[in-house]
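Residue-level listing of the chains:
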Amino acid sequence: MGRAATAQSFYGRWAALYDGIARYTPGVARLRERAAAALDLSPGDTVVEMGCGTGANLPYLRERVGPEGTVVGVDFTGPVLDRARGLVERRGWGNVHVVRGDAARPPVAGGVDGVLASFVVGMLADPAGTVDDWCDLVEPDGTVVLLDAARSERRVAAPVNAAFRAVTVLSTPSTLQLRYDDSPHERLFERMTAARAALRRRAAAVAHEERWLGIVRLTGGRVRPAEQPSQR
Ligand SMILES: C[S@@+](CC[C@H](N)C(=O)[O-])C[C@H]1O[C@@H](n2cnc3c(N)ncnc32)[C@H](O)[C@@H]1O
């Protein structure tokens, strides 16, 4: 089974459990609220969430763009999208759409004011290239916000890192695999770092916050207009 298929089968199987964790982990609601705020959206804007999962961020995004704006959630796992769709239907939001697609090739044409990816870039094969593409997708002055959890670089966080490492191993697709070619928590850290470096190259910082002893990072950027070719 390929990497994407493994991830889809993993999240598909655990959709209900993940939904509970995504919504009710203490402190996570505050993180989602902060991520939505960092997008700096206005009523009427269009925002896309890449890898929206069961839709835990959708209420915060909908609140920011209001009934006249548009929210699009993209995910490649059917069962998590069913949960997100159920949420949208229960709330009766006509302007929130969830679509099945690959965040690395999002089925969105443009006219986007903000892109959010929370707990997703660590799963991408090419996080830097994909973040670069997301920067191309947003309108001039649009924002891209990344929210992630990975090992902390703070010394005091050693015990928390150990716990985080165990959680990463258990929650990485192929949980029954006892030996990994490379460690999932290091791979997560490297992908998260590459995604942030790509965002910094393209955008002026609008947010950089660390929470939970540095394990959680919220990084947002306002995409700079493409440089004009110099005139001779
Ligand atoms: C850890 S969950 C995060 C879900 C949600 N963003 C949240 O904050 O709760 C990761 C989600 O990303 C999705 N995902 C991972 N890679 C993807 C890709 N290339 N395209 C679309 N969805 C992807 C998975 O299906 C899963 O639902």
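Below: a short report on this structure. Computed from a predicted structure; not experimentally measured.

Here we look at the overall build of the protein chain
For the protein chain, the count of helices and strands is 8 helices and 7 strands. Within the protein chain, the fraction of its 232 residues that count as buried is 48%. Pairs at least 24 residues apart make up 72% of the contacts formed inside the protein chain by residues separated by at least 6 positions. In the structure as shown, the protein chain presents an accessible area of about 11,900 Å², 53% of it carried by carbon and sulfur atoms.

Some points on the pattern of salt bridges
According to the stated counting rule, one finds 11 salt bridges in the structure shown. Salt-bridge contacts for Arg85 lead to Asp82; the nearest nitrogen and oxygen are separated by 3.6 Å. One end of the pair, Arg85, and the other, Asp82, are both in helix α5 (residues 78-91), 3 residues apart, so they sit about a helical turn from each other. Among the salt bridges present, the one from Glu210 reaches Arg154, with a minimum N-O distance of 3.0 Å. Remark: Arg154 occurs in the loop between β5 (138-149) and α7 (158-171) and Glu210 occurs in strand β6 (residues 203-211); sequence separation between them is 56 residues. The class for Glu210 is partly exposed, based on a relative accessible area of 37%. The network of salt bridges with shared partners includes Arg34, Glu209 and Arg211.

A few points about the environment of Val65
By the element assignment, Val65 lies in helix α4 (residues 58-65). Residues Val65 and Gly44, spaced 21 residues apart in sequence, show a C-alpha to C-alpha distance of 5.3 Å. Those residues in contact with Val65 that sit more than four places away from it in its chain are Leu41, Ser42, Pro43, Gly44, Asp45, Val47, Thr70 and Val71.

Basis of the calculations
- Residues numbered from 1 in each chain as written.
- Predicted model: local features only at pLDDT ≥ 70, side-chain atom pairs only at ≥ 80, totals over all residues.
- Heavy atoms only, no water.
- Helix = DSSP H or I, 4+ residues; strand = E, 2+ residues; numbered from the N terminus.
- Buried < 20%, exposed > 50% of the residue type's maximum accessible area, 1.4 Å probe, protein only.
- Contact = heavy atoms within 4.5 Å.
- Areas by Shrake-Rupley, 256 points an atom, 1.4 Å probe, with all protein chains shown as cover.
- Salt bridge = Lys/Arg side-chain N within 4 Å of Asp/Glu carboxyl O.

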